[in-house]
Structure formats: structure tokens, C-alpha cells
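Here's the letter readout for the chains.
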Amino acid sequence: MDLVHYQPIVNSIIYSVLGFVILIAAYFIIEKMTPENTWKEVVEKNNIAVAIVLAAFIIGISMIISAAIHG
């Protein structure tokens, strides 16, 4: 079995997991920096403004991680 053919698949899995871990770490850092619990604001209080800001943060960090990984 030739492992060279599986190298792009393995790389994609590794970079996907790495990107996800970095995204979650960045979320928890922002969560600690903000005075309110963002998840509680979105889920329990249905705060749409916080949900939009949180979504923009996730998209922005995801773009930065993607650019860093792909060069």
C-alpha cells in the first residue's frame, strides 16, 4: 500500500483539527476578556446583537487561521 496517495488527505485532516483547536482557544480567550458570558446571552436571553458579533468573530478568526495555514 502506497501512503503517498493518502498524504493530502492526512494533511487536510491535521490542518482542519489544528484550525478548529485554535478557533476554540481564541473563543475562550475572548470569552474570558468580555464581562458577560456570551453563550448565556445568546442562548438564554436571545440577544441577537451578541450573536451577530460572535458570528463575525468566528468568521474573522477562521479566515485568519485559513490564511495562516495555507500561506
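Quantities reported herein were computed from a predicted structural model and do not represent experimental measurements. (Residues numbered from 1 in each chain as written. Predicted model: local features only at pLDDT ≥ 70, side-chain atom pairs only at ≥ 80, totals over all residues. Heavy atoms only, no water.)

1. So, the side chain of Glu 31
The following threshold applies: Put simply, DSSP H or I for four residues or longer makes a helix, DSSP E for two residues or longer makes a strand, and each gets a number counted from the N terminus. By the convention used here, residues are in contact when the closest approach between their heavy atoms is within 4.5 Å.
The topology assignment puts Glu 31 in helix H1 (residues 7-33). Setting aside anything within four residues of it in sequence, one finds Glu 31 in contact with Glu 36, Asn 37, Thr 38 and Trp 39.

2. A short note on the UniProt feature "transmembrane region" (unreviewed entry) in the protein chain
Keep this limit in mind: UniProt positions are given in the numbering used here, feature names are shortened, and annotations may be inferred rather than shown by experiment.
Feature annotation in UniProt assigns "transmembrane region" (unreviewed entry) to the following positions: residues 12-30 and 50-69. With 100% helix and 0% strand, residues 12-30 has its two end C-alpha atoms placed 27 Å apart.

3. Brief notes about H1
For clarity, the cut-off: Here, expected helix span is obtained from the residue count minus one, scaled by 1.5 Å. Per-residue accessibility, obtained with a 1.4 Å probe over protein chains only, is compared with the maximum for each type, and a residue is labelled buried under 20%, exposed over 50%, and partly exposed between these values.
Between its first and last C-alpha atoms H1 spans 39 Å; for 27 residues at 1.5 Å apiece the expected length is 39 Å, and the two agree. Of the residues making up H1, those classed as buried are Gly 19, Leu 23, Ala 26, Tyr 27 and Glu 31. The inward-facing, buried residues of H1 contact helix H2 (38-43) and helix H3 (48-70).

4. Describing a nonpolar patch on the surface
What counts here: A residue counts toward a patch only above 30% relative accessible area and without a salt bridge, and it is joined to like-charged neighbours within 9 Å or, for Val, Leu, Ile, Met, Phe, Trp and Tyr, to nonpolar neighbours within 5 Å. A 1.4 Å probe and the Shrake-Rupley method give the accessible areas. Residues count as covered only by the protein chains that appear here. By definition here, a salt bridge exists when the distance from a side-chain nitrogen of Lys or Arg to a carboxyl oxygen of Asp or Glu is within 4 Å.
Taken together, the side chains of Tyr 6, Ile 9, Val 10, Ile 13, Ile 14, Tyr 15, Val 17, Leu 18, Val 21 and Ile 22 make up a nonpolar region of the molecular surface, amounting to roughly 910 Å² of accessible area. Tracing the backbone through its elements, the reader meets Val 17 in helix H1.

5. A short note on the environment of Ser 66
Turning to its location among the elements, Ser 66 is positioned in helix H3. Ser 66 gets classed as partly exposed once you look at its relative accessible area, which sits at 35%. For the pair formed by Ser 66 and Ser 16, sequence separation is 50 residues and the distance between their alpha carbons is 9.3 Å.

6. Considerations on H3
Definition in use: Pairs of N or O atoms are called polar contacts if they sit within 3.5 Å, as long as, within protein, a hydrogen donor faces a hydrogen acceptor (for residues adjacent in sequence, only side-chain-to-side-chain pairs).
Compared with the 33 Å implied by 1.5 Å per residue over 23 residues, the 33 Å span of H3 between its first and last C-alpha is a close match. Here H3 has its buried residues at Leu 54, Phe 57, Ile 61 and Ile 65. In this fold, the buried residues of H3 make contact with H1 and H2. In this structure Asn 47 caps H3, since a side-chain oxygen of it lies 3.2 Å from the backbone nitrogen of Ala 49.

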